[in-house]
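Residue-level structural notes
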Amino acid sequence: QVQIVESGGGLVQPGGSLTLSCAASGSVDFIYAMGWYRQAPGKQRELVARITDARITYYADSVKGRFTVSRDDAANTVYLQMNSLKPEDTDVYYCNHYGMSDDTPFDSWGQGIQVTVSS
């Protein structure tokens, strides 16, 4: 079984920066893709950024040029560096890892972490 633990959220002023981290633990063979999603109350969860094992990245238009996703395969960890934060970036952010565990595919989510951008 794979566990996902997120960290790094909190309160930041507009224009500020935060870095989110998300580590997978347990019997992990390989992680194909790591991603960050966000969800506001009453809205659908949306993909913010994603990185594959080949280091191919995807960003939502709303965060391009401000957010950077990266991964550390040795630590099974994905990072989201968020710069020039705006109030509209306020959301609960969820981490997702998709890969193989004990030769079986897994698709695991973190518990969610709050990011609040406010003065």
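So, how was this worked out
Residues numbered from 1 in each chain as written. Predicted model: local features only at pLDDT ≥ 70, side-chain atom pairs only at ≥ 80, totals over all residues. Heavy atoms only, no water. Phe/Tyr/Trp six-rings, centres within 6.5 Å; stacked < 30°, edge-to-face > 60°. Lys NZ or Arg CZ within 6 Å of the ring centre and 35° of its normal. Pairing = 2+ DSSP bridges. Helix = DSSP H or I, 4+ residues; strand = E, 2+ residues; numbered from the N terminus. Axes fitted to C-alpha atoms, helices over the stretch in contact; angles between N-to-C directions. Core = buried A, V, L, I, M, F, W, Y, C linked by side-chain atoms within 4.5 Å. Buried < 20%, exposed > 50% of the residue type's maximum accessible area, 1.4 Å probe, protein only.

Turning our eyes to something else, we now look at the packing of aromatic side chains. Per the stated rule, a full pass over the model turns up 3 aromatic pairs. When the centroid spacing of 5.0 Å and the interplanar angle of 75 degrees are considered together, the rings of phenylalanine 30 and tyrosine 32 count as edge-to-face. Above the ring of tyrosine 94, the side-chain terminus of arginine 45 is found at 3.7 Å from the ring centroid. Geometry around tryptophan 109 places arginine 45 over its ring, the cationic atom sitting 4.8 Å from the centre.

For the rest of this paragraph, the subject is the sheet that holds strand 3 (residues 18-26). Spatially, 1-3-8-7 is the arrangement adopted by the 4 strands of the open sheet, whose pairing is antiparallel. Looking at the sheet topology across the chains shown, the edges are occupied by strand 1 (2-7) and strand 7 (67-72). Each adjacent strand pair in this sheet contributes to an overall mean axis angle of 15 degrees, direction not counted. With 6 bridges connecting them, strand 7 and strand 8 (residues 77-82) associate as antiparallel partners. In the strand pairing of strand 8, phenylalanine 67 is matched with methionine 82.

To continue, consider the nonpolar core. One finds Trp36, Leu80, Met82 and Tyr93 to be the most contacted residues of the largest nonpolar core, which totals 29 residues. At the level of secondary structure, the elements contributing two or more residues to this core comprise strand 1, strand 3, strand 4 (30-39), strand 5 (46-52), strand 7, strand 8, strand 9 (91-101) and strand 11 (113-117). If one sorts the elements of this core by residue count, strand 3 sits on top with 4 residues.

A regular strand places its side chains on the two faces of the sheet in alternate fashion. In this structure, strand 4 lies alongside strand 5, joined through 6 bridges in antiparallel fashion. By the bridge assignment for strand 5, methionine 34 is matched with isoleucine 51. The antiparallel pairing of strand 4 with strand 5 creates a hairpin that spans 6 residues between the two strands, and glycine 42 there sits at a positive phi of about 80 degrees. Here strand 5 runs beside strand 6 (residues 57-59); their pairing, made up of 3 bridges, is antiparallel. Along strand 6, the bridge assignment pairs arginine 50 with tyrosine 58. Linking strand 5 to strand 6, which pair antiparallel, is a turn of 4 residues; within it arginine 55 sits at a positive phi near 70 degrees.

From the geometry alone we can't say anything about function, so treat these as descriptive.
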